[in-house]
Amino acid sequence: MTTETNTAFEGFKDAFKNIQNLEVPEAAREFVKKTANTAKDRAAEAFAGSERVTAAVENAVTESVAEAGKISRNIQQAIYEDADAFFSGIDKLASAKSVSEAVEIQSSLLRARGEVFVSRAKATADYFGKLAANGAKSAQDNFAKVYTKTA
């Protein structure tokens, strides 16, 4: 059986010896080089695209944080103004010499606070309208930066 086994594997042994001396055709080597270069270029394009996406996200987040800061400061300012107006109103009411004068002062204060409320509501609507328009424009610009290739 040993002789039969050796004889059976002789063909494989010869084939493996010949594979070591097998010459790879020039076309196959060029194909592999071209494929590797194309893959390398695609990897570089993917990396550049990921950098553009990261920059766009970073820009959007930075703008969002800045806007959140502005909103917070505006709310704090409004709270301060309301507290100041409230205490000023109490001071004016305390100086009233009659009930009718107190009612007149109170009406004036309520009218002034109503006007402030309407003014703030209008300013808020305008602000959020501009914020939405700027956000859409920014998103469009960032999308254009990320996808610079055309079909």
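Rules used throughout
Residues numbered from 1 in each chain as written. Predicted model: local features only at pLDDT ≥ 70, side-chain atom pairs only at ≥ 80, totals over all residues. Heavy atoms only, no water. Helix = DSSP H or I, 4+ residues; strand = E, 2+ residues; numbered from the N terminus. Buried < 20%, exposed > 50% of the residue type's maximum accessible area, 1.4 Å probe, protein only. Contact = heavy atoms within 4.5 Å. Areas by Shrake-Rupley, 256 points an atom, 1.4 Å probe, with all protein chains shown as cover. 1 Å grid on protein atoms, 1.4 Å probe; cavity = no way out; pocket = protein on both sides within 12 Å on 5 of 7 lines; lining within 4 Å. Points joined across faces, edges and corners; volume = space filled by probe spheres on them. Domains from an automatic or database assignment. Salt bridge = Lys/Arg side-chain N within 4 Å of Asp/Glu carboxyl O. Phe/Tyr/Trp six-rings, centres within 6.5 Å; stacked < 30°, edge-to-face > 60°. Expected span 1.5 Å × (residues − 1). pLDDT = per-residue confidence, 0-100.

A.B. asks: I would appreciate a short explanation of the overall build of the protein chain in the present structure.
C.D. replies: The helix and strand tally for the protein chain stands at 3 helices and 0 strands. Taking all 151 residues of the protein chain together, 7% fall into the buried category. Taking all contacts inside the protein chain whose residues are at least 6 apart in sequence as the whole, residues at least 24 apart take part in 65%. Accessible area of the protein chain: about 12,600 Å², with a carbon and sulfur share of 63%.

A.B. asks: So what exactly am I meant to see when it comes to the environment of Ala78 here?
C.D. replies: By secondary structure assignment, the location of Ala78 is in helix α2 (residues 26-94). Judged by relative accessible area, Ala78 falls into the buried class, the value being 18%. Expressed as a C-alpha distance, the spacing of Ala78 and Arg120, which sit 42 residues apart in the sequence, is 8.8 Å.

A.B. asks: Any chance you could explain the side chain of Glu67 here in plain terms?
C.D. replies: Relative to the elements of secondary structure, Glu67 occurs in helix α2. Every residue in contact with Glu67, bar those within four places of it in the chain, is listed here: Tyr127 and Leu131.

A.B. asks: How should I be thinking about the layout of surface pockets in this particular structure?
C.D. replies: Empty space left among the atoms is revealed by rolling a probe the size of a water molecule over them. Roughly 370 Å³ of volume is contained in the largest pocket. At the level of elements, α2 and α3 (99-146) are the ones that each hand at least two residues to the lining of the largest pocket. It is α2 that contributes the most residues to the lining of the largest pocket, 6 residues altogether. Two domains share the lining of the largest pocket, each providing at least three of its residues, namely domain 1 (23-95) and domain 2 (99-150). Looking at the second largest pocket, its volume works out to about 230 Å³. If you trace the second largest pocket, you find 13 residues lining it, with Glu63, Glu67, Leu131, Asn134 and Gly135 closest to the centre. When residues of the lining of the second largest pocket are traced back to their parent elements, those giving at least two are α2 and α3.

A.B. asks: Please clarify how the pattern of salt bridges should be interpreted in this entry.
C.D. replies: Once the charged atoms of two side chains with opposite charge are near each other, the side chains can pair. Scanning the entire structure with this criterion turns up 6 salt bridges. Sharing partners across several salt bridges, the network here consists of Glu81, Asp82, Arg113 and Arg120.

A.B. asks: Help me understand the packing of aromatic side chains in this model?
C.D. replies: We describe a pair of aromatic rings using the distance from one ring centre to the other and the angle between the two ring planes. A complete count under the given rule lists 2 aromatic pairs for this structure. Ring plane angle 70° and centroid distance 5.3 Å describe the contact between Phe86 and Phe87, whose orientation is recorded as edge-to-face. Both residues of the pair, Phe86 and Phe87, count as exposed. Centroid distance Tyr127 to Phe128: 5.4 Å. Interplanar angle 70°. Geometry classified as edge-to-face. Phe128 gets classed as partly exposed once you look at its relative accessible area, which sits at 43%.

A.B. asks: Please explain α2 as it appears in this structure.
C.D. replies: One turn of an α-helix holds 3.6 residues; hence residues three or four places apart share an orientation. Taking 1.5 Å per residue, 69 residues should reach 102 Å; α2 reaches 102 Å between its end C-alpha atoms and fits that length. Those residues of α2 that sit buried are Gly49, Ala56, Glu67, Ala78 and Gly89.

A.B. asks: Explain the confidence of the model for the protein chain here, please?
C.D. replies: In regions of low pLDDT, the predicted coordinates are not meant to be interpreted in detail. Residues at a pLDDT of 70 or more form 83% of the protein chain, whose mean pLDDT is 82. Looking over the protein chain, one finds the lowest element-wise mean pLDDT in helix α1 (residues 2-20), namely 67, and the highest in α2, namely 87.

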